[in-house]
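Descriptive structure summary
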Amino acid sequence: MPSPPLLLPPLRFSTTDTGIYRGSYPHPSNLPFLRRQKLKTIISLTPKPLETYLSTEPSDQDQAQKDDPHHIAGKNAQITTWCRDHGITLIHLPVEAGKTKKELGLSTTTARSAVNLLLDLTNHPIYIHCLNGCEITGLVIACLRKVQGWSLPSAMHEYGRYALAAGAHTSFLEGFDVGVVRGDGARSEAERDGVKDVEIVITKKEVDIKE
């Protein structure tokens, strides 16, 4: 009888809310764990699409699992193929890599797009990640908390559990306008025509990032 797959969560993985998970970009060895979450959607807040960051060489964990029939990832594993095989919509929201703490790399437009996706229950269960699961993901979750009615200190306190808060991070959250965020997933025809700078892999999805 084959042994069950090792369930290794991505770095800084945690549950944000019912049906919403956060963390860093997943390695091939994390895919069996993510499969257990029965995800419908993965949001990548990264400069390049998620599969770009997956190693083409197996990690020690992958090597240890090479004879496991349940093991999903191999030397040439591609996240897009895995998502397609499991019916997961992979959405890439491009985020620039900031060189300093003042250069966040995250725009309010992208943050709003991500929050709208998180609030749309048809996307749940959903996993959102950046490169390290800290600043960018943390800011988006802080914006989500602001929409949910959390106070600024409470949202930033949660943020501080994953990353060191700087003045630029607090200012970003203060300036985030919850009035332009909707949780019903509705999109007007004009908004659909204005969609840009979003890469949808596998399943085409309408995303509101219009200024």
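Criteria and cut-off values
Residues numbered from 1 in each chain as written. Predicted model: local features only at pLDDT ≥ 70, side-chain atom pairs only at ≥ 80, totals over all residues. Heavy atoms only, no water. Core = buried A, V, L, I, M, F, W, Y, C linked by side-chain atoms within 4.5 Å. Buried < 20%, exposed > 50% of the residue type's maximum accessible area, 1.4 Å probe, protein only. Helix = DSSP H or I, 4+ residues; strand = E, 2+ residues; numbered from the N terminus. Contact = heavy atoms within 4.5 Å. Pairing = 2+ DSSP bridges. Phe/Tyr/Trp six-rings, centres within 6.5 Å; stacked < 30°, edge-to-face > 60°. Lys NZ or Arg CZ within 6 Å of the ring centre and 35° of its normal. Lys, Arg positive; Asp, Glu negative; His and termini not counted. Salt bridge = Lys/Arg side-chain N within 4 Å of Asp/Glu carboxyl O. Polar contact = N/O pair within 3.5 Å; in protein donor to acceptor, adjacent residues only side chain to side chain. Disulfide = S-S within 2.5 Å.

A look at the nonpolar core
The biggest cluster of nonpolar side chains holds 33 residues, and the ones touching the most others in it are Ile43, Leu45, Leu106, Val115, Leu118, Ile128 and Val140. Listed by contribution, the elements that provide at least two residues to this core are helix 4 (108-119), strand 5 (126-129), helix 5 (135-147), helix 6 (152-159) and helix 7 (167-175). Excluding residues within four positions of it along the chain, Ile43 makes contact with Ile91, Leu93, Ala114, Leu117, Leu118, Ile126, Tyr127, Ile128 and His129. Leu34, Ile42, Leu50 and Ile79 belong to the second-largest nonpolar core, a separate cluster that totals 13 residues.

Regarding the pairing of strand 2 (residues 20-23)
Alternating residues of strand 2 divide into Ile20 and Arg22 and Tyr21 and Gly23, and every residue in both groups is buried. Bridge count for strand 1 (residues 14-17) against strand 2 is three bridges, and the pairing is antiparallel. By the bridge assignment for strand 2, Thr15 is matched with Tyr21. Connecting strand 1 to the next strand, strand 2, in antiparallel fashion are two residues, including Gly19 with a positive phi near 80 degrees.

Here's the deal with the packing of aromatic side chains
Scanning all chains against the criterion turns up three aromatic pairs. Their ring planes at 25 degrees and their centres at 5.9 Å tell us that Phe13 and Tyr127 sit as a pair that is stacked. Of this pair, Phe13 sits in the segment before strand 1 while Tyr127 sits in strand 5, and the two are 114 residues apart along the sequence. Site record: aromatic cluster; members linked through ring pairs are Phe13, Tyr21, Phe33 and Tyr127. One cation-aromatic arrangement involves Arg22 over Tyr162; the distance from NZ or CZ to the ring centre is 3.7 Å.

A short note on the side chain of Arg22
Structurally, Arg22 is set in strand 2. Despite its burial, Arg22 pairs with no opposite charge; the closest candidate is Glu158, at 5.5 Å N-O. Side-chain polar atoms of Arg22 contact the backbone oxygen of Gly133, separated by 3.1 Å. The contact partners of Arg22, leaving out residues within four places of it in the chain, are Arg12, Phe13, Ser14, Thr16, Tyr127, Ile128, Gly133, Cys134, Thr137, Gly138, Ile141 and Tyr162.

Overview of the state of the cysteines
Applying the stated criterion to the full structure yields zero disulfides. This cysteine, Cys130, is not joined by any disulfide, and Cys134 carries the nearest cysteine sulfur, 6.5 Å off. A relative accessible area of 2% places Cys130 in the buried class.

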